[in-house]
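One letter stands for each residue in the lines below.
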Amino acid sequence: MTKILFSDKLDNCVERWKSGGFTIIGPVQRANISTYAAVEHAAELDFGLVLPDRSIKDLFFPQSEPMLRYTIKKESIDTNECLPPAGPRIIFGARPCDASGMSIDDPLFGWDYKDEYWFQRRNESVIITIACTKADDFCMCTSLKMAPDTTKGSDILLRPLAGNKGWQVEELTDRGREAFSAIADILQEGADTLAPLAVVEKKFDLDACVTWLQNPENFESRFWKEISMRCIGCASCTYLCPTCHCFDIQDEGDTYTGIRRKNWDSCSFALFTMHTSGHNPRSTQSARWRQRIMHKFNYFPGKFSVNSCSGCGRCSRQCPVDMGITETLQEISTLSL
Amino acid sequence: MTEHIHNTQQNIYKPAIMKIVARHDEAPGVRTMKLEFQDPADHEFFKETYRTGMFGLYGVYGEGESTFCVASPETRKDYIECTFRQSGRVTSALANADIGDLITFRGPYGNRFPIEEFHGKNLLFVSGGIALPPTRSVIWSCLDQREKFGKVTIVYGARSVADLVYKHELEEWQERSDVDLVLTVDPGGESPDWKNKVGFVPTVLEEAAPSPDNCIAVICGPPIMIKFTLISLKKLGFDESNVYTTLENRMKCGLGKCGRCNVGSVYVCKEGPVFTAAEVSRMPSADL
């Protein structure tokens, strides 16, 4: 027997979870963009999106985050931690690619030195993912050996029922089971027809790409210059990417008091690697695009045994000059034939 | 992977507070500062952790943090010395700080020169300009236990006589009978009373022709000097695995997270900054 959560009962769940101390976060349309944000009622959630413009990365690794507050006194300096606002939260309706993106970055934020800001938010979040029944031309999870119902990184996977009636519940972790035990009486036991999963066409041969990238001879291939010719270095791809994790540390304040912040940064920017001397190891846009691709599909998996890409396709979908990882890897697939 | 706890604090981004107890101008725009820990726990952590070759992030709240090496040796851990050129926002703020002022320090981070493996061997140090500080940390770490090493040769050069750093220590090394110091300045950089060599470091190194037998070379300098020094060492017969260098890339976190210091797959902040020339030659040279 499987458990079913009917759509019309979702608001009861939201109420129940809220009274249990959870903040409810889900896909919403805000101004002109879709994103994941806190909601009061289930009706605010928008499940019709293929996926929101912005990924759930923002919820774990905000665009700008206060880390330390400093006060400089006559004889001493005080440093106080600004930890993320505490409190459990439920992310309802994440996409599988977004959920898996968070688990991809766990080893990075945890190797040797543990980033408290990331892990506190990770530990306080229950990710309830809804499998995809819709995809667009940019979706590429299947090319990354994932699927519209990938469970990686999710605490609960919900499989949509036919006719938008609700979801079949798949409990994946203890954290997910705990959140769902609080709504056990709202769920119904039974079986129903599932809506068909989205069909996501495979766009490139990942293994062939990785082999090509790992060959040192290809590092200085003309390909990199050609493929990145039109990149304007705007970093939209980085910022919207669920797995891009690079950041800058900046102080904001005056001489006596202020805040040290962690801000998103991007390997697309020339200043990212510029030495004080003026020497820049990645001085051209093509070197920077190569770094981005190499990092995601060669360096990162070499260190953490997982690609730093979950196949959401936002990099291509939102690129102002119509570039993206999909196109680059498609070309590499052809080159490696 | 081992679990580190930075400065006994859980928060890896929280720096230690250091007091400037001495400062010294080395060359135009280049200053050395001697720093003391304010919190004994931070100092204890440093004493347990620090080995020559490691680096730190030195900062002034309100301005930010800058990465440079710990210039003092692992044999002297009561304090930290750092040497920097005033060039940007943070280094200007550091240069404006006076004796008695407080600054911040995060570290020590990175790997180290494995000097125990150098025991019984001859040592050749080759350095250029503002890159003497990291080399100097290794030099003093070895000179403070001089008996454990063979012949010590130091080849150091700068653009001009004024640009040589640690001038007082250079004099000291020049006077020591157990150290062979070869000093040079770039052509045109000599002063009327300059009695040492004139020429670029790699050329002067080839003239000095230290023997590669049972010898470890430690080189540090601007990328262009490293490139040509490696060629000269190869000519002299040095094996790449006996040549060590330290890479200094731009960093923000120093902890393997912020993503900017990597050369190919290598995170300089965690897997470096100390590498053998053999390791460097496996990195994509276009990204160095």
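Residues numbered from 1 in each chain as written. Chains lettered and ligands numbered in written order. Predicted model: local features only at pLDDT ≥ 70, side-chain atom pairs only at ≥ 80, totals over all residues.

Below, the discussion takes up the overall build of chain B. Regarding its fold elements, chain B presents 8 helices and 13 strands. In terms of overall size, chain B behaves like a compact globule, its C-alpha atoms giving a radius of gyration of 18 Å where 288 residues would be expected to give roughly 19 Å. Here the C-alpha coordinates of chain B stretch approximately 50 × 45 × 40 Å along the principal axes. Looking at the 288 residues of chain B, the share that counts as buried comes to 50%. (Helix = DSSP H or I, 4+ residues; strand = E, 2+ residues; numbered from the N terminus. Rg over C-alpha atoms; globule rule 2.2 N^0.38 Å. Buried ≥ 20, exposed ≤ 12 C-beta atoms within 10 Å, placed from the backbone.)

With that out of the way, let us pick up the sheet that holds strand β2 (residues 30-37) of chain B. Residue and element names in this part refer to chain B. Pairing within the open sheet is antiparallel, and its 6 strands lie in the order β4-β3-β6-β1-β2-β5. With one partner strand each, in any of the chains shown, β4 (64-69) and β5 (80-85) form the two edges of the open sheet. Between one strand axis and the next, the sheet turns through 40° on average, direction left out of account. (Pairing = 2+ DSSP bridges. Axes fitted to C-alpha atoms, helices over the stretch in contact; angles between N-to-C directions.)

On to the nonpolar core. In terms of nonpolar packing, the biggest core is built from 166 residues, with Ile90, Ile91 and Ile128 of chain A together with Cys82, Ala217 and Val218 of chain B touching the most fellow members. When residues in this core are grouped by element, the largest group, 6 residues, is from strand β11 (residues 215-220) of chain B. Beyond its immediate chain neighbours, meaning those up to four positions away, Val218 of chain B contacts Phe113, Leu123, Phe125, Thr135, Val138 and Tyr244 of chain B. (Core = buried A, V, L, I, M, F, W, Y, C linked by C-beta atoms within 7 Å. Contact = placed C-beta atoms within 7 Å.)

Residues and elements named next belong to chain B. Where helix α5 (residues 201-208) contacts helix α6 (residues 223-236), the two axes come as close as 8 Å, and the packing angle between them is 20°. Relative to α6, the element α5 is oriented roughly parallel. The crossing of α5 and α6 is right-handed. Contacts between α5 and α6 involve Val201, Pro202, Leu205 and Glu206 from the former and Met225, Phe228, Thr229, Ile231, Ser232, Lys235 and Leu236 from the latter. Taken together, the residues of the contact of α5 with α6 break down into 7 nonpolar, 2 polar and 2 charged. (Parallel < 35°, antiparallel > 145°, perpendicular 65-115°, else oblique. Left-handed = near helix turned anticlockwise from the far one by under 90°. Nonpolar A, V, L, I, M, F, W, Y, C, P; charged D, E, K, R; others polar.)

Attention shifts here to helix α9 (residues 285-304) of chain A. If you look at α9 of chain A, its biggest bend is around 55°, right at His295 of chain A. Residue Ser305 of chain A follows α9 of chain A closely and has a positive phi angle near 55°. (Bend = angle between axes of the 7 residues up to and from the residue.)

Let us look at the interface of chain B and chain A. Listed by partner, the interface residues are 39 residues for chain B and 43 residues for chain A. Considering only residue class, the side of chain B that touches chain A consists of 15 nonpolar, 15 polar and 9 charged.

All names here are of chain A. Taken domain by domain, chain A consists of domain 1 (3-189) and domain 2 (206-335). Just the C-alpha atoms count here: the centres of domain 1 and domain 2 sit 25 Å apart. Contacts between domain 1 and domain 2 engage 35 residues on the former and 30 residues on the latter. Of all the secondary-structure elements, those providing two or more residues to the side of domain 1 that touches domain 2 are β4 (64-72) and α3 (96-110). Among the elements that take part in the side of domain 1 that touches domain 2, β4 stands out by supplying 9 residues, more than any other. (Domains from an automatic or database assignment.)

Let's shift gears to the domain arrangement of chain B. Often, the extent of an interface is quoted as the loss of accessible area on bringing the components together. All names here are of chain B. Taken domain by domain, chain B holds domain 1 (6-109) and domain 2 (115-246). Here domain 1 and domain 2 have C-alpha centroids that lie 25 Å from each other. Facing the 15 residues of domain 1 at the interface are 17 residues of domain 2. Those elements giving two or more residues to the side of domain 1 that touches domain 2 turn out to be β1 (16-27) and β5. Taken together, the residues of the side of domain 1 that touches domain 2 sort by class into 7 nonpolar, 5 polar and 3 charged.

This next bit is on the pairing of strand β11 (residues 247-253) of chain A. All names here are of chain A. Sheet topology note: the β11/strand β12 (residues 257-264) ladder contains 7 bridges and is antiparallel. Bridged to Phe247 within β12 is Trp264. The hairpin turn running from β11 into β12, its antiparallel successor, is 3 residues long.

All names here are of chain B. Structurally, the position occupied by Val198 is in strand β10 (residues 197-198). Sequence-wise, Val198 and Leu183 are 15 residues apart; in three dimensions their C-alpha atoms are separated by 8.4 Å. Those residues in contact with Val198 that sit more than four places away from it in its chain are Thr184, Val185, Pro187 and Glu190.

Here we take up the sheet that holds strand β1 (residues 3-6) of chain A. Residues and elements named next belong to chain A. What the 8 strands build is an open sheet, ordered β3-β2-β6-β7-β8-β9-β1-β10; its pairing is mixed. The sheet is open, and its two edges are formed by β3 (33-39) and β10 (188-189), each paired on a single side. Relative to β10, β1 is paired through 2 bridges, and the arrangement is antiparallel. Across the sheet, Ile4 pairs through a bridge with Gln188, a residue of β10. The strands touched by helix α5 (residues 174-181) within the sheet are β6 (89-94), β7 (125-130), β8 (156-160) and β9 (166-171), with β9 carrying the most contacts at an inclination of about 130°.

In this section: α5 of chain B. Residue and element names in this part refer to chain B. Taken residue by residue, α5 has Val201, Pro202, Val204 and Leu205 as its buried positions. Taken down its axis, α5 places every buried residue within 165° of arc, on the same side. Immediately beyond the C-terminal end of α5, within one or two residues, lies Ala209, with a positive phi of roughly 45°. (Arc of directions from axis to C-beta.)

Residues and elements named next belong to chain A. Between helix α6 (residues 206-214) and α9, whose axes approach to 10 Å, the crossing angle comes to 110°. Comparing the axis directions of α6 and α9 gives the class roughly perpendicular. Crossing of α6 over α9 shows left-handed handedness. Between α6 and α9, the residues in contact are Cys209, Val210, Leu213 and Gln214 and Ile293, Met294, Phe297 and Asn298, respectively. For the contact of α6 with α9, the class distribution of residues is 6 nonpolar, 2 polar and no charged.

All names here are of chain B. The step from Gly107 to Pro108 runs through a cis peptide bond, and the omega angle for that step is -5°. For Pro108, the location among the structural elements is in strand β6 (residues 102-109). Look at the link from Gly272 to Pro273: it is a cis peptide, with omega at 10°. Tracing the sequence through the fold places Pro273 in the loop between α7 (268-271) and β13 (274-276). Even without a glycine there, the phi angle at Tyr166 is positive, about 55°. Along the chain, the position of Tyr166 falls in the loop between β8 (152-158) and α4 (167-175). A tally of 22 C-beta atoms within 10 Å means that Tyr166 is categorised as buried.

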